[in-house]
Amino acid sequence: MKRRSRTDIAVDILRVAMNGAKKTHIVYEVNLNFNIAQKYLEMLKEKELIKHENGVFITTDKGKVFQEMAKELKL
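Residues numbered from 1 in each chain as written. Predicted model: local features only at pLDDT ≥ 70, side-chain atom pairs only at ≥ 80, totals over all residues. Heavy atoms only, no water.

Going by what an unreviewed UniProt entry lists, the chain is known as ArnR1-like winged helix-turn-helix domain-containing protein and is assigned to Methanosarcina lacustris Z-7289.

Peer 1: Got a minute to help me understand the pairing of strand β1 (residues 50-53) in this structure?
Peer 2: The side chains of a regular strand alternate, first on one face of the sheet and then on the other. Two strands pair when backbone bridges link them, and β1 and strand β2 (residues 56-59) are joined in this way by four bridges, in the antiparallel orientation. Opposite Ile50, over in β2, you have Thr59 as the bridge partner. Here β1 folds back onto β2 in antiparallel fashion, the turn holding two residues, of which Asn54 has a positive phi close to 55°. (Pairing = 2+ DSSP bridges. Helix = DSSP H or I, 4+ residues; strand = E, 2+ residues; numbered from the N terminus.)

Peer 1: Looking at this structure, I do not really get the environment of Leu32. What am I missing?
Peer 2: Here Leu32 shows up in the loop between α2 (23-30) and α3 (34-46). For the pair formed by Leu32 and Ile9, sequence separation is 23 residues and the distance between their alpha carbons is 8.9 Å. Residues within four places of Leu32 in sequence aside, it is in contact with Arg4, Ile9, Ile13, Val27 and Ala37. (Contact = heavy atoms within 4.5 Å.)

Right under this line is the structure:
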């Protein structure tokens, strides 16, 4: 099994949160544990790639741009 990079995990989280998702949904969909997910969510919020409103995480416009750039670089 191949290990995922930090960027891969961040892009997966942003993808799941595109239309809004609770932390539990992100944890299961991206296959992380709650502690690791919390660290990534805090980092993404700090960089304004994701926002937390009413218990739901939503990818910001800046996050969508980052996601597209990461996909292009991966090719």
